[in-house]
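# Structure assessment
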Amino acid sequence: MKAFIQTLPKVELHLHIEGSLEPELMFELAKRNQIEIPFDSPEQVREAYQFENLQSFLDIYYQGANVLVTEQDFYDLTWAYLQRCKADNVIHTEIFFDPQTHTQRGIAFETVINGIYGALKQGESELGISSQIIMCFLRHLDEDDAFKTLEQALPYKDKIIGVGLDSSEQGNPPEKFAGVFKKALAEGFKTVAHAGEEGPAQNIIDAEEMLGVSRIDHGVRCTEDRKLVQELVKTRMPLTVCPLSNIKLKVFEDMSQHNIVDLLRKGLCVTINSDDPAYFGGYMNDNFLAVAEAHPITDEEAAQFTYNAIEASFIPDEKKALMRELVTDYVFHYPYEITS
Ligand code: ADE
Ligand code: ZN
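Not measured: the values here are computed from a predicted model. (Residues numbered from 1 in each chain as written. Chains lettered and ligands numbered in written order. Predicted model: local features only at pLDDT ≥ 70, side-chain atom pairs only at ≥ 80, totals over all residues. Heavy atoms only, no water.)

### A look at the packing of aromatic side chains
If you walk through the whole model with that rule in mind, you get 17 aromatic pairs. Ring centres 5.4 Å apart and planes at 75° place the aromatic pair F51 and F57 in the edge-to-face group. We classify F51 as buried; its relative accessible area is 3%. With relative accessibility at 2%, the residue F57 sits in the buried group. Ring centres 5.7 Å apart and planes at 75° place the aromatic pair Y61 and Y279 in the edge-to-face group. Pair noted here: Y61 is in helix α4 (residues 54-64) and Y279 is in helix α14 (residues 277-280), with a separation of 218 residues, a long-range link. Looking at Y61, the relative accessible area reads 3%, which means it is buried. Taking the relative accessible area as the measure of exposure, Y279 reaches 1% and is therefore buried. Put simply, the rings of Y49, F51, F57, Y61, Y62, Y279 and F280 pair up and form one aromatic cluster. Cation over ring: K159 sits above Y117, and NZ or CZ is 5.0 Å from the ring centre. (Phe/Tyr/Trp six-rings, centres within 6.5 Å; stacked < 30°, edge-to-face > 60°. Buried < 20%, exposed > 50% of the residue type's maximum accessible area, 1.4 Å probe, protein only. Helix = DSSP H or I, 4+ residues; strand = E, 2+ residues; numbered from the N terminus. Lys NZ or Arg CZ within 6 Å of the ring centre and 35° of its normal.)

Written out as structure tokens, the structure is:
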């Protein structure tokens, strides 16, 4: 099972690029940009990553992002993430970025988007990894700020496929952003939203009804509403689940308590993702392996997570068919193709 997972083709749909900032790169960028950070070494940074809940993580996470200043910094950050994708056989990734985290500090929107986009294009040509960019609004800020951010994104429509909603879920329900999501949909953006991570199942329903989302990020608290679970089976509304994140942020006590395999077997379109891998202890393979270790699954079930992610992705249909074939070939020929 372990070897099968390691080389299984994967598709990632829930990754905050700022959350892939490893402590070593944080130190390098702090030095490059002459920014003070309150740590003496990368090891000390890692030791500080003990979280009680989402908010305690977000406080440290926004602080870490301060070392990102130039287009080259955003490029280097994204390029480092793509190397991890290559190592884990991620063939397609749809990544989030939080423009407000940077524009609030005086960094231009174009600096951020051009750095990320440049690395993704190189990832496509040199590493064969396709990708999309989703811009998230920070839900602890007000809707006016989100409107301004949407305005800034309009000249980059060709580089940004959709908008999302992240940061503190509690106290910031989907309805707060109904207006700006309506505008984003009218401008042709796809929409997604974090919901049912720390917030109630009702946030999942509201994200669907008020924000017109194509998928729900996290969504694991759907199990608190049986009717909603039945609906999710019927509609195949995707949930981009992040197992290691959920343990680190204490959404579940430990991996044996996690509901992802149960949801898979019920027929929901659940996917495995890494969220903020530099903070939560691992990239795609680590997440797959942690799930498989706590919940024995068959090779076919592991592959189903990839089939679900292909279904849930914003990849054009013809390309989806090719990716499904790639996965089917892998399952069918395993282990011969990797041992020969
Ligand atoms: N921003 C980065 N990671 C997040 C998460 N897991 N939930 C909400 N906002 C986030
Ligand atoms: Zn997230």
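Next comes the rest of the write-up.
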